[in-house]
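# Per-entry structural report
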Amino acid sequence: MLASTGFASAADLPAKAAKAPADLPFFLVVDNRVTFSYIFSGTDPGVYSIRPDGTINGKTEKQVYSFTHFDAWAYGTNFFTISMFKSGHNDPASPCTNAGVVFNPGTLVATPADCAGATEIYGLFRSTFGWNEIFNTKAFSIGPLRNISFEVGMDANTENNFLAPAKRDVVAGLQFQFDLPYKGYFNVAPLVYWEFSNHVAFLQCGAGFNPGPAGVNCLSDGNTRFNPTWAVETNYYMDLGFLPPSLDYFSISGRAAWYGKKGNENAPLTGVFGGTPTAVEFNSEPIRLTMDVSKAIWGPKYSHFVDLWVAYRYWQNKFGLDHNNSVVCNVTPGVSNHSCTEESLYSGITVKF
């Protein structure tokens, strides 16, 4: 979900003067890409079904359609991505719910729903402002450290399943940019993270689950609100330059992010439906192997115009829900529904335009 696929970053650019020369374009780098990818065994917290043999199925495949923009200008970088996740039948679109799903008000039966899969839209942006550029200096380039930057950003999503989430969060902090061999980079950003709004349909007053009063056992609008907390986001990219020239079109990249505890999972409820404390969320794609197909076929002039890639994806305590204790993540105490930890192969094709 961060800039982990080999796009240029401020770390790839030399320190620049406080103002770009008049003959240079405002944007020094502009990179736009579209991607189709496939998550083989994704999850959605609280969404599961019971197989005919009684076992629990908390996994769902997801098709992902993404647009990504990256640019670099005189003072920093901007990264924006928006993705549409189309789930399989195990994560059905509302008003359909799976048998056994924690949000299903109906009777538990062993027949999974055969409805259209839910559609999620998720977008985020991150912008950096380099200290070397702002202060017209190279003082923040020391050894492998290329630059220090201010960083700001925001995430937002919506999904048409029964839960109907609508996450909104902001981040702000610093980014430290380090060089890696073969023109690679490693970025680490300690941040303040505030998820100031989300939506949980079954918490809404009048939804048929929770009696009033509002603010104690139900929420008048179904919108949860959390406390500011800490976060650390990292990403890296490196060409496999040690390979022979006949194989010099492979690269690796990845990302990892930690988000601190943000309060009660159903905050600001204080009654019996207040829920359990949130846990530290770990969202990662530790490694992605990319083949630069366009370079292999048409030569270096067309580098990264078409990329094929395969990755490993791991996401624990998804959206901060404690996979060990949350009622959303367990059928009964100690019996997981396997919906709050995502571990999957992830593969796709990216085209630059």
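Here, the structure is the one placed above.
First, a word on what this report is: a plain description of the structure on this page. (Residues numbered from 1 in each chain as written. Predicted model: local features only at pLDDT ≥ 70, side-chain atom pairs only at ≥ 80, totals over all residues. Heavy atoms only, no water.)

### Remarks on the overall build of the chain
- Helix and strand content of the chain: two helices and 17 strands.
- Taking all 353 residues of the chain together, 50% fall into the buried category.
- Across the chain, contacts joining residues at least 24 apart in sequence account for 69% of those joining residues at least 6 apart.
- As displayed, the chain has an accessible area near 15,500 Å², and 67% of this comes from carbon and sulfur atoms. (Helix = DSSP H or I, 4+ residues; strand = E, 2+ residues; numbered from the N terminus. Buried < 20%, exposed > 50% of the residue type's maximum accessible area, 1.4 Å probe, protein only. Contact = heavy atoms within 4.5 Å. Areas by Shrake-Rupley, 256 points an atom, 1.4 Å probe, with all protein chains shown as cover.)

### Observations concerning the pattern of salt bridges
- With the rule as written, the count across this model stands at 13 salt bridges.
- Where Glu233 meets Arg126, a salt bridge forms, and the shortest distance between an N and an O atom there is 2.9 Å. A residue pair is termed long-range when its members are at least 10 positions apart, and Glu233 in strand S11 (residues 229-239) and Arg126 in strand S6 (residues 119-130) qualify at 107 residues.
- Taking relative accessible area as the criterion, Glu233 reaches 3% and is therefore assigned buried.
- By relative accessible area, which is 6% here, Arg126 ends up buried.
- Where Lys318 meets Glu342, a salt bridge forms, and the shortest distance between an N and an O atom there is 2.6 Å. Pair noted here: Lys318 is in the loop between strand S14 (306-316) and strand S15 (330-332) and Glu342 is in strand S17 (residues 342-352), with a separation of 24 residues, a long-range link.
- A relative accessible area of 2% places Lys318 in the buried class.
- Relative accessible area serves as the criterion here: at 0%, Glu342 is assigned to the buried category. (Salt bridge = Lys/Arg side-chain N within 4 Å of Asp/Glu carboxyl O.)

### Description of the state of the cysteines
- Throughout the structure, instances matching the rule amount to three disulfides.
- There is a disulfide in this structure between Cys205 and Cys218, and the S-S distance comes to 2.0 Å. Handedness of the Cys205-Cys218 disulfide follows from its S-S torsion of about 90°: it is right-handed. Linking Cys205 in the loop between strand S9 (184-199) and strand S10 (223-224) with Cys218 in the loop between S9 and S10, this pair joins segments that are 13 residues apart in sequence.
- Sequence-ordered numbering of the bonded cysteines in the chain yields a pairing of 1-2, 3-4, 5-6. (Disulfide = S-S within 2.5 Å.)

### Examining the environment of Ala267
- One can find Ala267 in the loop between strand S12 (250-259) and strand S13 (281-292).
- Assessed through its relative accessible area of 12%, Ala267 is described here as buried.
- Counting along the chain gives 11 residues from Ala267 to Thr278, while the straight-line C-alpha distance between them is 9.9 Å.
- Among all residues touching Ala267, those that are not within four sequence positions of it are Thr224, Arg225 and Phe226.

### Let's talk about unusual backbone geometry
- That bond from Ser94 to Pro95 is cis: its omega, 10°, falls within 30 degrees of zero.
- Position of Pro95 relative to the elements: it lies in the loop between strand S5 (76-87) and S6.
- The omega torsion across Ala267 and Pro268 is 10°, close enough to zero to call that bond cis.
- We note that His304 has phi near 60°; this positive angle belongs to a residue other than glycine.
- Structurally, His304 is set in the loop between helix H2 (293-298) and S14.
- Overall, the relative accessible area of 15% leaves His304 in the buried class.
- Of note, the phi angle at Asn317 is positive, near 55°, even though the residue is not glycine.
- Asn317 gets classed as buried once you look at its relative accessible area, which sits at 6%.

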